[in-house]
Amino acid sequence: MFGEYSNIAIRGIVSVVPTTNIENLDCESDELSLKKIKKQIKLTGIERRRVLSGVQTASDLATKAAEKLINELKWDKDSIKFIIYVTQAPDLEIPSTALLIQKRLQIGTDCLAFDVNLGCSGYVAGIQIAAGLIHEIGGRALLLAADGRSDSKRQNAADYLLFGNAGTATAIETEEQHTLMYQQQSDGSRWQTIYRELGGSTVMDGNAVFAFTINDVADCIKQTMEHFSLNIDDIDYFAFHQGQKMIIDNLAEICGIPLNKMLYSLKNYGNTSCASIPLSICDDVRKIKPQRQVRMYLCGFGVGLSWGSNIFKMDTDHIMEIHESNIHYTD
């Protein structure tokens, strides 16, 4: 599925991580030898991670990011018509956690708030959803992406070294002479590649995920560039979902993308699921900021299986450096 929306702008991005930092080299145990940890770090590129502690949740991080972004942009809260929260770790089964966030932010009732249950492709899908709603109805949207599953429910000990937590907020509104191009695909026939039963642990076929990425996702990136008549030189920066550095670097090589155009966050934050793309943009903000405006290519891929891309130009004024917080909202 290819498409585009005219007059849609990404206005700002804020990312917030927990204060608790875990060094992977300090995670030696009976199940994880130091030799195995070093091998894992070399493969994944993940040296440390930020993780939730105590009662803090993913939505706490997303709410804090949204507060900072609203203040940064000086938005009138009544102008926010949509709150879209992408997560696989909601606070409640019902209602949508987006409604709790709406209450915390003190945004009025003239607003549609809902959750989207998508993983690593969720951010790019969320941008498309927000753009479609704004295009038809008007107003402004807050796209929040955060995940915070417990490390205790992983398929094996090595998985513990992969995952971190983060919450992000992205502001989207109408603005002339801005175009959002997108591509989305899903393949439910391969749902068992990555899944988690209710109350269970995440199960992943690593070989199948790798094959999916370097074949389907790589082909899709090349097809998307061709569909929109773009070449690598037309894109300033590429931000892909951060699963493993080996996978990202392979994608870049297959697609002919120079590594200096790639944005990374996994070294210090790990795999943060749907938050990984905006987190990477904020983590590399000093690299981006010298340019007043940049054209971004975003690509998310994972559980579903699902994958997609967004291409847009963005002013860099309101891309903020990563914040940390131990806040917990008592609702």
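Residues numbered from 1 in each chain as written. Predicted model: local features only at pLDDT ≥ 70, side-chain atom pairs only at ≥ 80, totals over all residues. Heavy atoms only, no water.

> Is there a simple way to explain the packing of aromatic side chains in this structure?
Any two aromatic rings considered together are summarised by their centre-to-centre distance and by the angle between their planes. For the structure shown, the criterion picks out 7 aromatic pairs. With a centroid separation of 6.4 Å and 75 degrees between ring planes, the pair formed by Phe 240 and Tyr 297 is classed as edge-to-face. You can see Phe 240 sitting in strand 10 (residues 237-240) and its partner Tyr 297 sitting in strand 11 (residues 293-302), a full 57 residues away along the chain. Grouping residues by exposure puts Phe 240 and Tyr 297 together as buried. Within the aromatic cluster, the residues linked to one another by ring pairs are Phe 238, Phe 240 and Tyr 297. Positioned above the aromatic ring of Tyr 264, the side-chain terminus of Lys 245 is 5.2 Å from the ring centre. (Phe/Tyr/Trp six-rings, centres within 6.5 Å; stacked < 30°, edge-to-face > 60°. Helix = DSSP H or I, 4+ residues; strand = E, 2+ residues; numbered from the N terminus. Buried < 20%, exposed > 50% of the residue type's maximum accessible area, 1.4 Å probe, protein only. Lys NZ or Arg CZ within 6 Å of the ring centre and 35° of its normal.)

> I would appreciate a short explanation of the packing of helix 2 (residues 58-73) against helix 3 (residues 97-105) in the present structure.
Packing of helix 2 against helix 3 brings their axes to within 10 Å, and their N-to-C directions diverge by 45 degrees. Here helix 3 runs oblique to helix 2, going by the angle between their axes. Considering how the two elements wind past one another, helix 2 and helix 3 form a crossing that is right-handed. Taking contact as the criterion, the partners of Ser 59, Asp 60, Thr 63, Ala 66, Glu 67 and Ile 70 in helix 2 are, on helix 3, Thr 97, Ile 101, Arg 104 and Leu 105. (Axes fitted to C-alpha atoms, helices over the stretch in contact; angles between N-to-C directions. Parallel < 35°, antiparallel > 145°, perpendicular 65-115°, else oblique. Left-handed = near helix turned anticlockwise from the far one by under 90°. Contact = heavy atoms within 4.5 Å.)

> Explain helix 3 to me, please; I cannot follow it from the model alone.
Every α-helical turn comprises 3.6 residues, leaving residues that sit three or four positions apart pointing alike. Within helix 3, 7 of the 9 residues are buried, leaving the element largely enclosed by the surrounding structure. Inspection of helix 3 places Thr 97, Ala 98, Leu 100, Ile 101, Gln 102, Arg 104 and Leu 105 among the buried residues, and these make up the whole buried set. Those residues of helix 3 that are buried lie in contact with helix 2, strand 4 (80-86), strand 5 (112-116) and strand 6 (140-147). Positive backbone phi, at 60 degrees, marks Gln 106, one or two positions downstream of helix 3.

> How should the nonpolar core be read in this particular structure?
Soluble globular proteins tend to pack their nonpolar side chains together in the buried interior. If you look at the biggest cluster of nonpolar residues, it comprises 36 residues, and the most contacted ones within it are Ile 127, Ile 172, Ile 281, Met 296 and Leu 298. The biggest single contributor to this core is helix 4 (residues 122-137), with 7 residues. Counting 30 residues, the second largest nonpolar core, distinct from the first, contains Met 225, Phe 240, Tyr 264 and Cys 299. (Core = buried A, V, L, I, M, F, W, Y, C linked by side-chain atoms within 4.5 Å.)

> Could you clarify how one ought to interpret the packing of helix 5 (residues 206-227) against helix 6 (residues 245-255) in this entry?
Relative to each other, helix 5 and helix 6 sit at 40 degrees, their axes nearing to 10 Å. Considered as vectors, helix 5 and helix 6 are oriented oblique to each other. With respect to the hand of their crossing, helix 5 and helix 6 are arranged in right-handed fashion. Listed contacts from helix 6 to Phe 210, Thr 213, Ile 214, Val 217, Ala 218, Ile 221 and Lys 222 of helix 5 are Met 246, Ile 247, Asn 250, Leu 251, Ile 254 and Cys 255.

> I'm lost on the confidence of the model for the chain in this one. Help?
Interpreting fine coordinate detail is not advised for predicted regions of low pLDDT. On average, the chain scores 93 in pLDDT, and the residues at 70 or more come to 97%. Across residues 150-154 the pLDDT falls below 50, and counting only partners more than four positions away or on other chains, this stretch makes 14 contacts in the model. (pLDDT = per-residue confidence, 0-100.)

> Help me understand unusual backbone geometry in this model?
Glycine aside, the phi torsion of most residues is negative, and most peptide linkages are trans. In this structure, Pro 95 follows Ile 94 across a cis peptide bond, with omega equal to -5 degrees. With respect to the helices and strands, Pro 95 occurs in the loop between strand 4 and helix 3. The peptide bond linking Gly 304 to Leu 305 adopts the cis configuration, its omega dihedral lying at -10 degrees. Mapped onto the fold, Leu 305 is located in the loop between strand 11 and strand 12 (306-315). In the Ramachandran plot, Gln 177 falls in the positive-phi region, its phi being about 65 degrees despite a non-glycine side chain. Looking at the secondary structure, you find Gln 177 in strand 7 (residues 166-186).

> Explanation requested: the side chain of Ser 273 in the structure shown.
Within the fold, Ser 273 resides in the loop between helix 7 (266-269) and helix 8 (276-283). When its relative accessible area of 8% is taken as the criterion, Ser 273 is described as buried. Those residues in contact with Ser 273 that sit more than four places away from it in its chain are Gln 88, Gly 119, Cys 120, Asp 147 and His 241.

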